[in-house]
Amino acid sequence: MALQCGGGGGGGGGIAANLAKAKLSFCADGEDRLSALPYDLLVDILLRLVTTAEAARTSVLARRWRSLWALLPELRFHFGPDGHRIRELLDDPEAADLRRISVTTTEGSGPDSASASAWLPAAARRLAGGLVYHNMVPRSDGVEEDAGRGGGIELPCFEKATTIELRLGFLGLFLPSSGTFARRADLSLYRLQLHGPCELGEVVSWPRCPRLQKLRVCQSLGLDNLSIHSKSLPHIKLESICGLRQLTIVTPTLKQLEVSFSLLDDDPSVHISAPQLESLVWLDLHHPRSVHLGNLEQLGLLGSYFLVYGQHDNREPNHHSLRLLQRFQVLNTLVLWLIFQKVSGVTLSGNLLIATKLNCDKANLVFKRHNLSVHLAVFVINQQSGRPRNSL
């Protein structure tokens, strides 16, 4: 099995070059000591290379090394080869399971862009560990505006995978309509456009995902209704889900919940049933009429926000946060995010210090507790988009 060595870079090339030099020195006295090493040790050496392409280059060292890279339990492809070549490398019915597959591409939006659909089915058959797929697309390419106009990636059912992390650069994603992710414990989805007909909530809920431990969905499009019913899930993070209008979470094992910048457009419908919840970070709208958080008697940490600088349409921009804070009489830790709009030509450092002190005092007045632990963070809001730009 041959692999065209494209891309890779990094420190792997230096290691491969050193191996070649070592081979030449060993051949000088007529003895190949390097190839005489045990297979496990040789495989461990190849795993230290940056990519699978770098590992394949060691095939020139000796006959014993020609297929050694194919025995690696981890495969890493960074900016090459293409999706069809990756499928050929993975599609070996006699090959052993893989504990990790990592692929990095630079695909734009369009009907023919999602070459990952070519190799993902083969990866689903081989993988018994973690999958990382990162599609690196610069923001200047206008991918967010074009998202959903072209094709998309069809995600197969990974029955043996334990973790899946997809950073798609707003490529489209079609979820599998059948199958069980029997071992999956961690699912992370970043910068993607979700397509139907299968809903994300159906895929991550019981019984299709019976062992899920962590769910992260950040910067996604096409998700207006998310309904999660799980018997195993202790951690959920939802951030910058554009257009989310209905959120239902029913899981008795949930310990940590983070919802931020996802329910900002319309009056949402939220129903949370998590009686064991210990940590809640809610950087979103909160109205008792539409947001129902259920019984939170076990809650020890609460995160909320205050708008402390800039022009706001609402005369009381913090009323959502105050309503949330006033729900609780006893808390161990309060985390406040101080959010302000960036105004060109204005120095904000002095104002931020004043705002920080005032909001700490207000938080203590609300709770009337002397042993309350207060932590502060800062978000910079872009004045045009109203979305967070960065945090400190």
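Given the structure is predicted, the values throughout are model-derived calculations rather than measurements. (Residues numbered from 1 in each chain as written. Predicted model: local features only at pLDDT ≥ 70, side-chain atom pairs only at ≥ 80, totals over all residues. Heavy atoms only, no water.)

**Quick word on the overall build of the protein**
- Scanning the protein from N- to C-terminus turns up nine helices and 18 strands.
- Taking all 392 residues of the protein together, the buried fraction comes to 48%.
- Taking the contacts inside the protein whose residues are at least 6 apart along the sequence as the reference set, 54% of them involve residues at least 24 apart.
- Surface accessibility of the protein: about 18,900 Å² in total, with carbon and sulfur atoms responsible for 51%. (Helix = DSSP H or I, 4+ residues; strand = E, 2+ residues; numbered from the N terminus. Buried < 20%, exposed > 50% of the residue type's maximum accessible area, 1.4 Å probe, protein only. Contact = heavy atoms within 4.5 Å. Areas by Shrake-Rupley, 256 points an atom, 1.4 Å probe, with all protein chains shown as cover.)

**Topic: the pattern of salt bridges**
- All told, the structure shown has 10 salt bridges when counted by the stated rule.
- For the salt bridge of Arg76 with Glu74, the shortest nitrogen-to-oxygen distance reads 3.1 Å. Each member of the pair, Arg76 as well as Glu74, is classed as buried.
- Through salt bridges with shared partners, a single ionic network connects Glu74, Arg76 and Arg99. (Salt bridge = Lys/Arg side-chain N within 4 Å of Asp/Glu carboxyl O.)

**Quick word on the environment of Arg245**
- As for its placement among the helices and strands, Arg245 is situated in the loop between β9 (235-241) and β10 (246-250).
- Sequence separation of Arg245 and Asp267 is 22 residues, and the distance between their C-alpha atoms is 7.4 Å.

**Topic: the nonpolar core**
- Counting residues in each nonpolar core, the largest one holds 82 residues, and the members touching the most others are Trp119, Phe158 and Leu173.
- If one sorts the elements of this core by residue count, helix α5 (residues 116-126) sits on top with six residues.
- Setting aside residues no more than four positions away along its own chain, Trp119 makes contact with Gly83, Ile86, Arg87, Leu90, Val103, Leu131 and Tyr133. (Core = buried A, V, L, I, M, F, W, Y, C linked by side-chain atoms within 4.5 Å.)

**Comments concerning unusual backbone geometry**
- Cis geometry is found at the peptide bond from Gly196 to Pro197, where omega equals 10°.
- Secondary-structure assignment places Pro197 in the loop between β6 (186-195) and α7 (200-204).
- For the bond from Trp206 to Pro207, the omega torsion is 10°, close enough to zero to count as cis.
- Mapping Pro207 onto the fold places it in the loop between α7 and β7 (214-221).
- In the Ramachandran plot, Gln219 falls in the positive-phi region, its phi being about 55° despite a non-glycine side chain.
- Mapped onto the fold, Gln219 is located in strand β7.
- Residue Gln219 is classed as partly exposed on the basis of its relative accessible area, which comes to 28%.

**Comments concerning the side chain of Arg184**
- Mapped onto the secondary structure, Arg184 falls in the loop between β5 (163-174) and β6.
- Buried within the structure, Arg184 lacks any salt-bridge partner; Asp186 is the closest side chain of opposite charge, at an N-O distance of 8.2 Å.
- When neighbours within four sequence positions are excluded, Arg184 is seen to be in contact with Ala161, Thr162, Ile164, Val203, Val204, Cys209, Arg211 and Leu212. (Lys, Arg positive; Asp, Glu negative; His and termini not counted.)

**Brief notes about the pairing of strand β2 (residues 98-105)**
- For β2, the tally of buried residues reaches six of eight residues, placing the bulk of the element in the interior.
- As paired strands, strand β1 (residues 74-78) and β2 are joined by five bridges and run parallel to one another. For Arg76, the partnering residue across the bridge sits in β2 and is Ser102.
- Handedness of the crossover is the feature at issue here: the chain leaves β1, passes through helix α4 (residues 83-90), returns alongside β2, and the resulting connection is right-handed. (Pairing = 2+ DSSP bridges. Right-handed = clockwise from strand over helix to strand, strands pointing away.)

**Structural notes on the sheet that holds β10**
- Sheet architecture is open: four strands sit in the order β8-β10-β12-β14, paired in parallel fashion. One side of each edge strand has no neighbouring strand; the edge strands of this open sheet are β8 (225-229) and β14 (291-292).
- Alignment of strand β12 (residues 269-273) against β14, held across two bridges, turns out to be parallel. Bridged to Val270 within β14 is Val291.

**Quick look at α4**
- Taken together, the buried positions of α4 are Gly83, Ile86, Leu89 and Leu90. For α4, the arc enclosing every buried residue in end-on projection is 115°, short of the 170-degree limit, so these residues lie on one face.
- Among the structural elements, β1, β2 and α5 are those in contact with the buried residues of α4. (Arc of directions from axis to C-beta.)

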